[in-house]
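Summary of structural features
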Amino acid sequence: ARVAMARCVYRDSDIYLLDDPLAAVDAHVGEWMFERCIVREMLQGNSRGGAGEDKNRSCVILVTNALQYVNHPAVTKILVMEGGEVVEQGTYEELTRDGVSEGTSLFSSFLRTYNDDKNVSCGDKDAMKEAADLDLDEEETASSDLGFLGLPHEDRRSSLMREGRRSSHMRVSLADLNVSPDGTPLLTDEFAERETGYVQSSVYVSYARAAGGVGVGIGLVLIFGVAQFLEVFSNWWLTYWGQSSDGGKQCYFLAVYGGINSVAIIVTFTGFALMLVCGLRASRKLFRDLTSAILRAPMSFFDTTPTGRIINRFAKDVSTIDLDLAGIIQSFLIATSSVISTMVVITVASPIFIVPLIPLLLFYMKQSVDFNVTYRELKRLDSVSRSPIYALLSETLDGVSTIRSFCTQGPLLEKLLNLLDEQQK
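All values reported here derive from a predicted model rather than from experimental measurement. Note that residues are indexed from 1 along each chain, following the sequence as it is written. Residues qualify for local features only when their pLDDT is at least 70, as the model is predicted, and side-chain atom pairs are given and counted only at 80 or more; totals for whole chains, interfaces and linings, by contrast, use all residues. Working from all heavy atoms in the structure, the side-chain values ignore hydrogens and water.

Helix and strand assignments come from DSSP, with helices taken as H or I runs of at least 4 residues and strands as E runs of at least 2, each series counted from the N terminus. Across its full length, the protein holds 16 helices and four strands. Looking at the protein as shown, the accessible area adds up to about 28,400 Å², and 61% of this sits on carbon and sulfur atoms. Calculation of accessible area relied on Shrake-Rupley with a 1.4 Å probe; when residues are assessed, cover is drawn exclusively from the protein chains displayed.

This paragraph deals with a nonpolar patch on the surface. Within the patch definition used here, like charges are joined within 9 Å and nonpolar side chains (Val, Leu, Ile, Met, Phe, Trp, Tyr) within 5 Å, considering only residues with over 30% relative accessible area and no salt bridge. Definition used for salt bridges: Asp or Glu carboxyl oxygen within 4 Å of a side-chain nitrogen of Lys or Arg. Where nonpolar side chains cluster on the molecular surface, the patch consists of Ile352, Ile354, Val355, Ile358, Leu361, Leu362 and Met365 and spans about 710 Å² of accessible area. Relative to the assigned elements, leucine 362 resides in helix 14 (residues 354–398). Residue leucine 362 is classed as exposed on the basis of its relative accessible area, which comes to 55%. Note on classification: 1.4 Å probe, protein chains only; a residue is buried when its accessible area is under 20% of the maximum for its type, exposed when over 50%, partly exposed between these limits.

Each regular strand displays side chains that alternate between the two surfaces of the sheet. Note on pairing: two strands pair once DSSP finds at least 2 bridges between them. When strand 3 (residues 78–82) meets strand 4 (residues 85–90), the two strands line up antiparallel, connected through five bridges. Residue pairing in the sheet places leucine 79 in a bridge with glutamine 89 of strand 4. The antiparallel hairpin formed by strand 3 and strand 4 contains two residues in its connecting segment, where glycine 83 sits at a positive phi of about 65 degrees.

Tallied over the entire structure, the rule returns six salt bridges. A salt bridge links arginine 313 to aspartate 317; the nearest nitrogen and oxygen atoms lie 2.5 Å apart. Taken together, the residues arginine 313 and aspartate 317, both in helix 13 (residues 307–349) and four residues apart, mark about one turn of the helix. Given a relative accessible area of 25%, aspartate 317 falls into the partly exposed group. We note a salt bridge from arginine 380 to glutamate 377, for which the minimum N-O separation is 3.0 Å. Here arginine 380 and its partner glutamate 377 are both found in helix 14, three residues apart, which amounts to about one turn of the helix.

Glancing now at the confidence of the model for the protein. Taken residue by residue, the protein gives an average pLDDT of 77. The fraction at 70 or more is 76%. Mean pLDDT values for the elements of the protein range from 37 in helix 5 (residues 143–146) up to 91 in helix 11 (residues 250–295). pLDDT measures the predictor's confidence residue by residue and takes values from 0 up to 100.

Looking now at the side chain of serine 341. Note on placement: serine 341 falls in helix 13. Relative accessible area serves as the criterion here: at 13%, serine 341 is assigned to the buried category. With residues up to four places along the chain from it excluded, the contact list for serine 341 reads Gln228 and Val232. The contact rule is simple, with two residues in contact once any of their heavy atoms fall within 4.5 Å.

A few words now on the packing of aromatic side chains. A pair of aromatic rings is counted whenever rings of Phe, Tyr or Trp (Trp by its six-membered ring) have centres within 6.5 Å, and the orientation is called stacked for planes under 30 degrees apart, edge-to-face for over 60 and tilted otherwise. Tallied over the entire structure, the rule returns 17 aromatic pairs. With centroids separated by 6.1 Å and ring planes inclined at 45 degrees, the aromatic side chains of phenylalanine 224 and phenylalanine 272 adopt a geometry described as tilted. In this pair, phenylalanine 224 is assigned in helix 10 (residues 214–243) and phenylalanine 272 in helix 11, connecting sequence segments 48 residues apart. A relative accessible area of 34% places phenylalanine 272 in the partly exposed class. Taking 5.9 Å as the distance between ring centres and 65 degrees as the angle between the ring planes, the aromatic pair formed by tyrosine 240 and phenylalanine 253 counts as edge-to-face. Linking tyrosine 240 in helix 10 with phenylalanine 253 in helix 11, this pair joins segments that are 13 residues apart in sequence.

Axis geometry follows a simple rule: fit a line to the C-alpha atoms, using only the stretch in contact for helices, then measure angles between N-to-C directions, giving values from 0 to 180 degrees. Close contact between helix 1 (residues 2–11) and helix 2 (residues 27–43) brings their axes to 11 Å; oriented N to C, the two are set at 10 degrees. By the angle class used here, helix 1 and helix 2 are roughly parallel. Residue-level contacts link Arg2, Met5, Cys8 and Val9 of helix 1 to Val29, Met33, Cys37, Ile38, Glu41 and Met42 of helix 2. When residues are sorted by character, Ala, Val, Leu, Ile, Met, Phe, Trp, Tyr, Cys and Pro go into the nonpolar class, Asp, Glu, Lys and Arg into the charged class, and all the rest, Gly among them, into the polar class. Across the contact of helix 1 with helix 2, the residue classes break down as eight nonpolar, no polar and two charged. Here roughly perpendicular refers to angles of 65 to 115 degrees, roughly parallel to angles under 35, roughly antiparallel to angles over 145, and oblique to all remaining angles.

Moving on to helix 2. For helix 2, spanning 17 residues, the distance from its first C-alpha to its last is only 21 Å, which falls clearly below the expected 24 Å at 1.5 Å a residue. Within helix 2, the full set of buried residues consists of Val29, Gly30, Met33, Phe34, Cys37, Ile38, Val39, Met42 and Leu43. Of the surrounding elements, those touching the buried residues of helix 2 are helix 1, strand 1 (15–19) and strand 2 (59–63). Positive backbone phi, at 65 degrees, marks glycine 45, one or two positions downstream of helix 2. The span expected for a helix works out to 1.5 Å for each residue beyond the first.

In structure tokens form, the structure reads like this:
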């Protein structure tokens, strides 16, 4: 009901047809919506240039059985219907002129019944208040479970009564609901909550465990190291073969060279296959854990977490783990082993190379740190700015019929383009 009322207000029409929208909300909420939304915004047009100007006033036709609204000064005419026909009409004063107590009109009888029920309801509320006061002493002993420590007596009692209306069998703390002390839900901000600084070592350990354990990660490092060693050994053997003057051992040299390369091929293939299997295993394990965490999350998580952020985790992040992460780790291991082997070979052949090698290593390490800081934060901002796009697409698909009925394709398309521009900066 509140969403539909908001759509009506943003529509800014001259005539509003409201089919009892206040029946689906609580009494105090309906009273607030009637005064602030129907009277001030729809009828008087406060947001369209000020109240009281005839050019800004609209016509509101409200269908309701809530008689507490009909005596409002803004209500200019009342139609009483019975059996699909209008049986009485006029202002509130005209319909009650014969006296509520006499009940000579249908509207008067309705009003008298409403007043009787209201008096009974007031009596019930007094009884409920006395019962709440009696139970308050018992509830105060459990106030730490409810998360109301430090609140004044009156605030604690109102909070207990508010919780009692929600459920008489449920105890929820403020931390569990992720709400502020005044009861206002907090919508988490992904930009403010994003990680900063270096990636924690626990992240790498978690991925290694998902891939099969830390031992599997160490095994992969050793396999790619052995593969690089065999490549260097193959080049050395070829050089040794070329410098040999014994022409009768050509078959021997060829057999050894072929054996070295055959073992290198097997080791390299084993490393690639193991990396692929471990990557798929890690992706499956992390996706299963993510799905399990979402399915078991409390309702407060979905109340405070935008849908686009959840979709972003299942879409782009899972896709990166499935398709890119294993290949990136494999390329890193190959490049690292190749660089280390090259430096070792050059240092062994020319020991003087170690003198310029040390400042070069320090320089490249400094450049690597500076680059990683910028690149890491850019990737995080890219991931965070993608969530609103997924959220807008999801909301558009859910409300496509409403969007078409109100002809708001243009503003939504403009909003999507702005989000894309923001994400691509």
